Amino acid sequence: MEPHIENQNEQMIPEHRRLRSGEFWQVIPAYQSVDEKTFLDYKWQLKHSITSVKKLLETLKDLVPADFYKDVEKGFHHVPMAVRISPYVMSLIDWDNPYEDPLRRQFLPLASQLKPDHPELHLDTLHEQADSPVPGFTHRYPDKALLLALDICPVYCRYCTRSYGVGFDTDEVEKVKFSQDVARYQKIFEYIKSQPQLEDIVLSGGDAYMLRSERLRYLGENLLAIPHVRRIRIATKGPAIMPMKLLTDHDWYGALRDIVEQGRYLHKEVCVHTHFSHPQEVSDISKRAMDRLMEDGITVRNQAVLQRGVNDDKNIMVLLARRLAYLNVQSYYVYMHDLVKGVEDLRTTLQTGLDIEKFVRGSTAGFNTPNFVVDAPGGGGKRSIHSYEHYDPETGISIYTAPSVKPGQYFYYFDPIDTLSPNIQADWQNQTKREEMKEAALVAAKHGRK
Ligand SMILES: *Cc1c(COP(=O)(O)O)cnc(C)c1O
Ligand code: SF4
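Residues numbered from 1 in each chain as written. Chains lettered and ligands numbered in written order. Predicted model: local features only at pLDDT ≥ 70, side-chain atom pairs only at ≥ 80, totals over all residues. Heavy atoms only, no water.

1. Describing the overall build of the protein
- Counting its secondary structure elements, the protein contains 17 helices and 12 strands.
- Its C-alpha radius of gyration of 22 Å places the protein within 12% of the 22 Å reference for a compact globule of 450 residues.
- Seen through its principal axes, the protein has C-alpha atoms that stretch 70 × 55 × 45 Å.
- Per-residue burial over the protein gives 57% buried out of 450 residues. (Helix = DSSP H or I, 4+ residues; strand = E, 2+ residues; numbered from the N terminus. Rg over C-alpha atoms; globule rule 2.2 N^0.38 Å. Buried < 20%, exposed > 50% of the residue type's maximum accessible area, 1.4 Å probe, protein only.)

Here it is, written out as structure tokens:
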């Protein structure tokens, strides 16, 4: 083939179909001589994941300046999450510009970029623990529920809602534990059996990627055996941060494929919900992994989190939706960032979300267009961001209702404090003024003043 013809063709390929390929990981000093077979081995990925500054230093060596390591070290001490980054993600970060890189921002905290928390921030803002009839099972909506199968993940996302439960204890937070314990699962099955209206179970964690394959099979088979359970979603960030596992962990993949197939014969849907947040997370390896799922008839949907400095940009979100569509992954949700401690730097304003949503809708097929939602703090559940009862960008307060989840209740969401004017920021620090602002917003909401 004439090389120049190939180049010409390449220029005509739209951006969303151009994926990183080749041995891109070899720019990382520690992976310089790692061949493709090794890099695709999920055990190698797990074993070489970055969990400390020491490991980071051993991996990147002099690829980044010494100041950067100091910044990370300080960052590690101030966050409620543990840190774990796969070599795959390490290789997709642009280390020429680690301060701005969207993937670095999501997984590796820098002290210099942290911002003070909003005074209204609390751990477990979604009240998952309060809505849990059995440990590790959140039943908030009438016909669907969330099963927390374990408390570990292949990476730890800084923005994680479940930072009360996921990961190791850190300096800031002592975690609630959810083990891969069959006795605990049995209590959950008993509860589900007692609730015939429950049709839809989300198998989550932690991350289902880290379930032992026999546990995944056990959970899938037992849930499918409950007659009123009609749909199961297996929620995992895995395809986004360690896609090679789907190509090389034959036991785990086999368990997934078997559950999906069993479900199909029972006329029940079993699908995968994953969690890409940025087009840079999609490589040729992701394509190969998703192609395999496509061949086995496994539906994949995506839930992204809107994050400042990561994907709070209309063109990035369009590119993400199109690139995922190319992988046969349907964009399902984009979440406003939850009110989580220690990640105020990643939160955006509601206005940002509203603007991006308007631009994304209409740019591609409707079934590949995500719904932008806010998971209302206090247990209101997911609400379309446009459905606010009241929003004041000046105070950053928005108010939602959830008539089918918690009728009669009002739920607040708050824009990041540092995006507000200095005067309003000062008001937030004053207990009386704070209550006044919230009360005024509530009155406006109750009077139908958007
Ligand atoms: C998100 C969530 C679900 C699933 O909701 P969908 O809108 O159907 O994706 C179920 N239970 C809880 C507690 C949840 O947070
Ligand atoms: S993979 Fe999911 S559960 Fe685990 S840290 Fe990330 S967002 Fe949280």
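2. Comments concerning the site of ligand 1
- In the vicinity of ligand 1, the contacting residues are T138, Y141, K144, L146, R233, Y332, Y333 and K382.
- In this structure, an oxygen atom belonging to ligand 1 sits 3.2 Å away from a side-chain N or O atom of K382.
- Here ligand 1, which alone exposes 380 Å², has 91% of that area covered by the protein.
- Among the secondary structure elements, those contributing two or more residues to the shell around ligand 1 are β2 (144-148) and β7 (329-335).
- Among the residues forming the shell around ligand 1, the class breakdown is 4 nonpolar, 1 polar and 3 charged. (Near = heavy atom within 4 Å. Polar contact = N/O pair within 3.5 Å; in protein donor to acceptor, adjacent residues only side chain to side chain. Areas by Shrake-Rupley, 256 points an atom, 1.4 Å probe, with all protein chains shown as cover. Nonpolar A, V, L, I, M, F, W, Y, C, P; charged D, E, K, R; others polar.)

3. So, the sheet that holds strand β10 (residues 390-392)
- Taken in spatial order, the 3 strands line up as β10-β11-β12 in an open sheet, and their pairing is antiparallel. Each having just a single partner strand, β10 and β12 (410-414) make up the two edges of the open sheet. Direction aside, neighbouring strands of the sheet carry axes that sit 20 degrees apart on average.
- The pairing of strand β11 (residues 397-401) with β12 spans 5 bridges and is antiparallel. Bridging from a neighbouring strand, T401 pairs with Y410 of β12.
- In the packing of helix α17 (residues 431-446) onto the sheet, the strands contacted are β10, β11 and β12, and the crossing angle to β12 comes to about 125 degrees. (Pairing = 2+ DSSP bridges. Axes fitted to C-alpha atoms, helices over the stretch in contact; angles between N-to-C directions. Contact = heavy atoms within 4.5 Å.)

4. Here's the deal with the domain arrangement of the protein
- Taken domain by domain, the protein comprises domain 1 (8-111), domain 2 (137-386) and domain 3 (388-450).
- For domain 1 and domain 3, the distance between their C-alpha centres works out to 38 Å. (Domains from an automatic or database assignment.)

5. Thoughts on the environment of Q195
- Checked against the element boundaries, Q195 lands in the loop between α8 (182-193) and β3 (200-204).
- Sequence separation between Q195 and D143 is 52 residues, and the spatial gap between their C-alpha atoms is 8.9 Å.
- With residues near it in sequence (within four places) discarded, Q195 still touches H139 and H228.
- Side-chain polar atoms of Q195 contact the side chain of S194, separated by 3.5 Å.

6. Some words on the site of ligand 2
- Around ligand 2 sit 10 residues, and of these C153, C157, C160, G206 and H275 come closest.
- Looking at the shell around ligand 2 residue by residue, the classes come out as 6 nonpolar, 2 polar and 2 charged.

7. Describing unusual backbone geometry
- Even without being glycine, K61 reaches a positive phi, approximately 50 degrees.
- One can find K61 in the loop between α4 (53-60) and α5 (66-78).
- On the basis of relative accessible area, K61 is assigned to the partly exposed category, the value being 44%.
- Residue N328 is not a glycine yet carries a positive backbone phi of 60 degrees.

8. Looking at α8
- The terminal C-alpha atoms of α8 lie 16 Å apart, and with 12 residues this matches the ideal 16 Å at 1.5 Å per residue to within 8%.
- If you check which residues of α8 are buried, you get R184, Y185, I188, F189, Y191 and I192. For α8, the buried positions fall inside an angular range of 160 degrees around the axis, keeping them on one side.
- Tucked into the core, α8 has its buried residues touching β1 (137-138), β2, β3 and α9 (213-224).
- Sitting at the head of α8, D181 places a side-chain oxygen 3.1 Å from the backbone nitrogen of A183. (Expected span 1.5 Å × (residues − 1). Arc of directions from axis to C-beta.)

9. A few points about the sheet that holds strand β8 (residues 371-376)
- Read across the sheet, 9 strands follow the order β1-β2-β3-β4-β5-β6-β7-β8-β9 without closing on themselves; strand pairing throughout is mixed. The open sheet terminates on both sides in strands that have one partner only, identified here as β1 and β9 (381-384).

10. A closer look at the packing of aromatic side chains
- Tallied over the entire structure, the rule returns 17 aromatic pairs.
- Measuring from ring centre to ring centre gives 5.8 Å for Y412 and F414, while their planes differ by 5 degrees; the resulting arrangement is stacked. Neither residue differs from the other here; Y412 and F414 are each classed as buried.
- In this structure an aromatic cluster arises from ring pairing among F24, W25, Y31, F39, W44 and Y88.
- Note that K245 overlies the ring of Y209, its terminal NZ or CZ placed 5.4 Å from the centroid.
- Directly above the aromatic system of Y412 lies the positively charged group of K438, at a separation of 5.2 Å from the ring centroid. (Phe/Tyr/Trp six-rings, centres within 6.5 Å; stacked < 30°, edge-to-face > 60°. Lys NZ or Arg CZ within 6 Å of the ring centre and 35° of its normal.)

11. Focus on the pairing of β2
- Taking burial as the measure, the 5 residues of β2 include 4 buried ones, the bulk of the element.
- Bridge count between β1 and β2: 2 bridges; the pairing is antiparallel. If you follow F137 over to β2, its bridge partner there is L147.
- The hairpin turn running from β1 into β2, its antiparallel successor, is 5 residues long.
- Across 5 bridges, the pairing between β2 and β3 is parallel.

12. Digging into the confidence of the model for the protein
- When pLDDT is averaged along the protein, the result is 91, and 91% of the positions lie at 70 or above.
- Within the model, the stretch residues 168-174 combines pLDDT values under 50 with 20 contacts to residues more than four positions away or in other chains. (pLDDT = per-residue confidence, 0-100.)

13. Looking at the side chain of H278
- Relative to the helices and strands, H278 is located in the loop between β5 (269-274) and α13 (284-295).
- Of the polar contacts made by the side chain of H278, one reaches the backbone nitrogen of Q280; its length is 2.9 Å.
- One polar contact links the side chain of H278 to the main-chain carbonyl oxygen of V310, over a distance of 3.4 Å.
- With residues near it in sequence (within four places) discarded, H278 still touches P102, L103, Q106, V310, N311, I316 and L320.

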